[in-house]
Amino acid sequence: MITIPHTVANFVASDALGATIVGFRSRNEQSRPFNLLRTQITRMLGSGKRLIGVTSATPQVGKTFIACNLAASLSRLPELRTYLFDLDLRRGSVAQRFGLSVEKGITEYLDESIDDLTGLSWGVAEQRLCIYPAREQTVLSSELLSHSRFNALAEAMRASAETDLFICDLPPVFANDDAMIAVERLDGYILVVEEGVTTKKQLRDALRLLGQEKCLGTVLNRYVKGIVGDDYGYGYGVDSKYASYYG
């Protein structure tokens, strides 16, 4: 029977993280949107939703950026144990975001090159996040996600402690059928859309393919007003209304 290890096998120094990883910095105003999203996610735990995918209709709209920072922000909560799985098996970029030197990852586990998960996990020094990265490579990703090994992995996640939360970075919906296959085994998904790029038709079709009943919400990324602060103060720039609060 597969179990999810509670200990981390490999570590990366916090100063090796890419500049886009802001979710650990709770005193940095750039982490604020992820902290707000974090609270909405934790409210779902009472209904048993612990296996959560993050996807988008099309590539390059920031889904991995959202998944990584949401997981980082969640890991700051002491009552939770947070895991981040990179299931974008062909274009996995979680390792790059965190500055991880990955030789073998979750893909090698799914294709049965490796017998168990021991040794594949990564953590950030002095943080509580456990990461299972994937190397970017040419693989039969749909077949791997349809295999009994992935079914067993999802069941192991579900059988873990109720305080274990799993964030899964999925491929874009229209890239192939990977996201559709993975979402069937998860409790729900977050759909990332980009201001001025994602069309209404793409959004509507993505929801139809994945199943709207499993959609936990949408995230509007790269909102044009977000540069200097929108009506709700979700800004990232130096002119943000919350700069003095976080400073």
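All figures in this text were calculated on a predicted structure; none of them were measured in a lab.

The rules we used
- Residues numbered from 1 in each chain as written.
- Predicted model: local features only at pLDDT ≥ 70, side-chain atom pairs only at ≥ 80, totals over all residues.
- Heavy atoms only, no water.
- Buried < 20%, exposed > 50% of the residue type's maximum accessible area, 1.4 Å probe, protein only.
- Helix = DSSP H or I, 4+ residues; strand = E, 2+ residues; numbered from the N terminus.
- Pairing = 2+ DSSP bridges.
- Contact = heavy atoms within 4.5 Å.
- Salt bridge = Lys/Arg side-chain N within 4 Å of Asp/Glu carboxyl O.

1. Re the pairing of strand β5 (residues 129-132)
Part 1: Both faces of β5 are covered, namely the face carrying L129 and I131 and the face carrying C130 and Y132.
Part 2: Where strand β3 (residues 81-86) and β5 come together, 4 bridges link them in parallel fashion. Considered in β5, the bridge of Y83 is made with C130.
Part 3: Summarising the sheet, strand β4 (residues 122-124) and β5 pair through 2 bridges and their orientation is antiparallel. Note that in β5 the partner of W122 across the bridge is I131.

2. Quick notes on helix α8 (residues 200-210)
Part 1: Among the residues of α8, D205, A206, L207 and L210 are the ones counted as buried.
Part 2: Looking at the buried side of α8, the elements it contacts are β2 (51-56), α7 (178-184), β7 (188-194) and β8 (215-221).
Part 3: Directly beyond the C-terminal end of α8, a positive phi value near 100° is found at G211.

3. With respect to the pattern of salt bridges
Part 1: All chains considered together, the criterion is met by 10 salt bridges.
Part 2: Note that K63 is salt-bridged to D169, the shortest N-O span being 3.0 Å. On the criterion of sequence distance, the pair formed by K63 in helix α2 (residues 63-74) and D169 in strand β6 (residues 164-169) is long-range, its members being 106 residues apart.
Part 3: You can call D169 buried: its relative accessible area is 0%.
Part 4: Across the pair R158 and D187 runs a salt bridge whose closest N-O atoms are separated by 2.4 Å. Residue R158 is found in helix α6 (residues 148-159), and its partner D187 is found in the loop between α7 and β7; the two are separated by 29 residues along the sequence.
Part 5: Note on R158: relative accessible area 33%, which makes it partly exposed.
Part 6: D187 sits in the buried class, given a relative accessible area of 16%.

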